[in-house]
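# Structural description and commentary
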Amino acid sequence: MTVVEAVAAEPESAIRTLHTDLPVNATFHVWLKAKKPAEPGAVSFSNANGKFAEVSSLNTEEFGFRIYQVFGGGHVELSYDTVTTAVSVIYWFTASDVLETGITVVHTKPDNAAPELPDSYHFRPPFGWMNDPNGFGRFEGRPHLFYQHYSHGLRWNTMHWGHAVSSDYLRWRHLPIFLFPSEDLTTRPDKRGGAYSGSTIPLVEGTGIRVFFTEQVQDRIPEQQIQLTATSSDLIMAGQAEVILGHRPDGQGLTPDFRDPYVFRGPDGLWKMVLGSQSDGGGVILLYETLDPTAASGWTYVGKLWVETRYKTTAIECPCLLPLDGPANARSTRWVLVYGLMHSEDPETGRKNLTMADVGWFDGKVFTREFGQELDFGTDNYAFQAFLDGDSIIGIGWLANWADANPEIDFPTSMTLPRRIHYSNGELLTPPIGAAESLRSHILDRTRLAAGERVTFINGAVEMLIELASPGAPFELTLDHPAVTLGLVSDETGLWIRHEDGRDGPSPHYIAKGARASRIRIFLDYGSIEVFANRGRYVGTKRIEGFEPVRSAVLRAAPGTVVHATTWALRP
């Protein structure tokens, strides 16, 4: 796409012109607003025959959404006057094949654009802000990822659901914005909220999906947060949403937190829903169920599935519950319960917003815990959501943490590498999916890293595999980053990520206490490090501020400690 700017003769007007070539039956999505009261903002569509359409808005507060379809295709110019009109995003697609081809972005504001990162392999949105993964699942044969999204800037704001589709969980095609906040919110930018996190199931009564999500409206009385459902038969955009839970359960002593519905089949065959909240007793996971086979209505409160008192959490977020080592309807099957602890802090390490994974048994009403562990000792695998893909649990998280993000700063982020969750010999393992090996472009080194020599990287996308002679053998991997002191250490205390970015006060200690690592995979990308030790028993994810690449690595260990170490360049 080529962008050409032309300034008209009159100084009061500055016309920006965008060019694109279209197939037949292309659909445009345009977000615009007027810059001047009572003077409409407008985007004009023209071809060789002249202007043939215009979309406009009188709104000066928030970008308004407009749809326009071009039936004939061909070369099209879009133009608008930058003095009277602000445009944040324009893209087009053809509905008949968008799942195969994705959207084509024609325009986005420079301060809203995705970073240009050659060979980066983590999922990032095509524009705007992103946080929690939502509705992660396989539908109509393909993995789909939805996510919390604000399209018009890199700062958190009124939430939409972004959307992408893949064939392997690693290489994604961006799709149209899937779910929009209510019209009341889009016309009232002082009222923060929108379509918050949730989940998705296949439609029982036909092709398509049913979406469950929390609607947040700041200062709404009596409930800021309620639960809604919507359907989509084409997997492109959600239809009209309806309220299914308009208030919190009575008599439970809950705070206004009431969010992030995760819907799944229980061992009794009924649809179940878990939600996060907070009570006087601690963070709470609430359980609902319905007799409705379509899950569209009839949701009733069962009780508090879990109460969490550790780390002074202010609410539980993004719970999900899945059968772990057998079919859901078998009494012997273990289940895994994953949940985030909002505003939590580990006083010993200074790490915040921890995510827990508890293993136990679920009979449809009660969860009985056998053991638990942290999902990620680096803590930047937040709002993790997983689903059952055949016999395997596949999950993904937001590669960030609210300890660093806030609504007042630009905060471009990615999703984590997708991970499996499985149970083996009494341990919960979360390794990267097997397809991650397909990212390996070529080997950079087989011998120098193991010998203590420096290995230089050609870009910011790297995988290292280190195998030690004995579990817990000490080593220090130093990673050369231009802005951050970065590395990985194994010592008598455990396995930990060294991360010091020069901020005031001590850096949190990102440690898996007592871990005795013997086989470690390290994934580096522009802005992140992910560590998987002992096939996923110990996992650490850390976001790195900015997008400067790690330039090289040196591994220091006693002679005979490192059996071998291999380094690959990665490419999506």
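What this report covers is the structure whose coordinates are included nearby.

Rules used in this analysis
Residues numbered from 1 in each chain as written. Predicted model: local features only at pLDDT ≥ 70, side-chain atom pairs only at ≥ 80, totals over all residues. Heavy atoms only, no water. Pairing = 2+ DSSP bridges. Helix = DSSP H or I, 4+ residues; strand = E, 2+ residues; numbered from the N terminus. Axes fitted to C-alpha atoms, helices over the stretch in contact; angles between N-to-C directions. Core = buried A, V, L, I, M, F, W, Y, C linked by side-chain atoms within 4.5 Å. Buried < 20%, exposed > 50% of the residue type's maximum accessible area, 1.4 Å probe, protein only. Contact = heavy atoms within 4.5 Å. Phe/Tyr/Trp six-rings, centres within 6.5 Å; stacked < 30°, edge-to-face > 60°. Lys NZ or Arg CZ within 6 Å of the ring centre and 35° of its normal.

## A short note on the sheet that holds strand E33 (residues 462–468)
The antiparallel open sheet is built from six strands, whose spatial order is E31-E42-E33-E38-E39-E40. Sheet topology places strand E31 (440–445) and strand E40 (538–543) at the edges, where each strand pairs with a single neighbour. In this sheet, adjacent strand axes meet at a mean angle of 20 degrees when their direction is disregarded.

## Focus: the sheet that holds strand E12 (residues 160–166)
Across the sheet, which stays open at both edges, the four strands sit in the order E10-E11-E12-E13 with antiparallel pairing between neighbours. Where the open sheet ends on each side, the last strands, each with one partner, are strand E10 (129–139) and strand E13 (172–174). Adjacent strand axes in the sheet meet at a mean angle of 30 degrees, parallel and antiparallel pairs treated alike. Bridging between E12 and E13 involves three bridges; their strand directions are antiparallel. Bridge pairing in E13 places Ala 164 opposite His 174.

## Details of the environment of Gly 560
Here Gly 560 is to be found in the loop between strand E41 (552–556) and strand E42 (562–570). Sequence separation between Gly 560 and Pro 319 is 241 residues, and the spatial gap between their C-alpha atoms is 44 Å.

## Quick notes on the nonpolar core
For soluble globular proteins, nonpolar side chains are generally found buried alongside one another. Among the nonpolar cores identified, the biggest contains 56 residues, and Leu 305 and Val 336 are the most heavily contacted of them. Not counting the four nearest positions on each side in its chain, Leu 305 is found in contact with Val 274, Ile 285, Leu 287, Leu 321, Leu 337, Phe 362, Lys 365, Val 366 and Phe 367. Among the nonpolar cores identified, the runner-up in size contains 36 residues, and Leu 449, Leu 555, Val 562 and Ala 565 belong to it.

## A short note on the packing of aromatic side chains
Each aromatic ring pair is summarised here by two numbers: the centre-to-centre distance and the angle between the ring planes. Counted under the stated rule, the structure contains 33 aromatic pairs. Relative to Phe 45, the ring of Phe 28 has its centre 5.0 Å away and its plane inclined at 70 degrees; by these criteria the two rings are edge-to-face. Note that Phe 28 is positioned in strand E3 (residues 26–34) and Phe 45 in strand E4 (residues 41–47), a separation of 17 residues in sequence. For the residue pair Phe 28 and Phe 45, the accessibility class agrees, reading buried in each case. Considering the side-chain rings of Tyr 288 and Tyr 301, the 5.4 Å spacing of their centres and the 55 degrees angle between planes classify their relative orientation as tilted. Here Tyr 301 lies in strand E21 (residues 300–308) and Tyr 288 lies in strand E20 (residues 282–290), a separation of 13 residues in the sequence. Classification of Tyr 301 by relative accessible area gives partly exposed; the value is 26%. Taken together, the ring pairs connect Trp 31, Phe 65, Tyr 91, Phe 93, Phe 127 and Phe 180 into an aromatic cluster. Over the ring of Phe 63 we find Lys 33; its NZ or CZ atom is 4.8 Å from the centre of that ring. The ring of Phe 411 is capped by Arg 543, whose NZ or CZ atom sits 3.9 Å from the centre of that ring.

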